[in-house]
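Residue-level listing of the chains:
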Amino acid sequence: MIRIEVFPLLEIFPAELLITPLMRYTLQIVGGPQHTQAYQDGSSVEIKFEIDDSNIATVDQFREVTGLRVGNANLKYQII
């Protein structure tokens, strides 16, 4: 059986963020899958975030971005 899940468009706010070293900011999410939703078979849907240059900033499982040094980096996400 193949499950196809449909959910509202995922939006991340702010779309652009200027972070300085040691600054922390929690990203806000509107739409997308619900993190707490678990299915009867034990599976769940989650969003995994990643910064393309981990020397510039990091992002944790709580969507908190921490600046490490001055520079540009892109946030990537994957719905699993």
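Everything numeric in this text was worked out from a predicted model, so none of it was measured.

(A) Spotlight on the nonpolar core. In terms of nonpolar packing, the biggest core is built from 11 residues, these being L10, I12, I19, L27, I47, F49, I51, I56, A57, V59 and V65. Going through the elements one at a time, β4 (47–51) and β5 (57–59) are the ones with two or more residues in this core. The residues contacting I19, other than those within four sequence positions of it, are V65 and G67.

(B) Layout of the side chain of T66. For T66, the position within the fold is in strand β6 (residues 64–67). Exposure remark for T66: the relative accessible area of 13% places this residue in the buried category.

Conventions adopted
Residues numbered from 1 in each chain as written. Predicted model: local features only at pLDDT ≥ 70, side-chain atom pairs only at ≥ 80, totals over all residues. Heavy atoms only, no water. Core = buried A, V, L, I, M, F, W, Y, C linked by side-chain atoms within 4.5 Å. Buried < 20%, exposed > 50% of the residue type's maximum accessible area, 1.4 Å probe, protein only. Helix = DSSP H or I, 4+ residues; strand = E, 2+ residues; numbered from the N terminus. Contact = heavy atoms within 4.5 Å.

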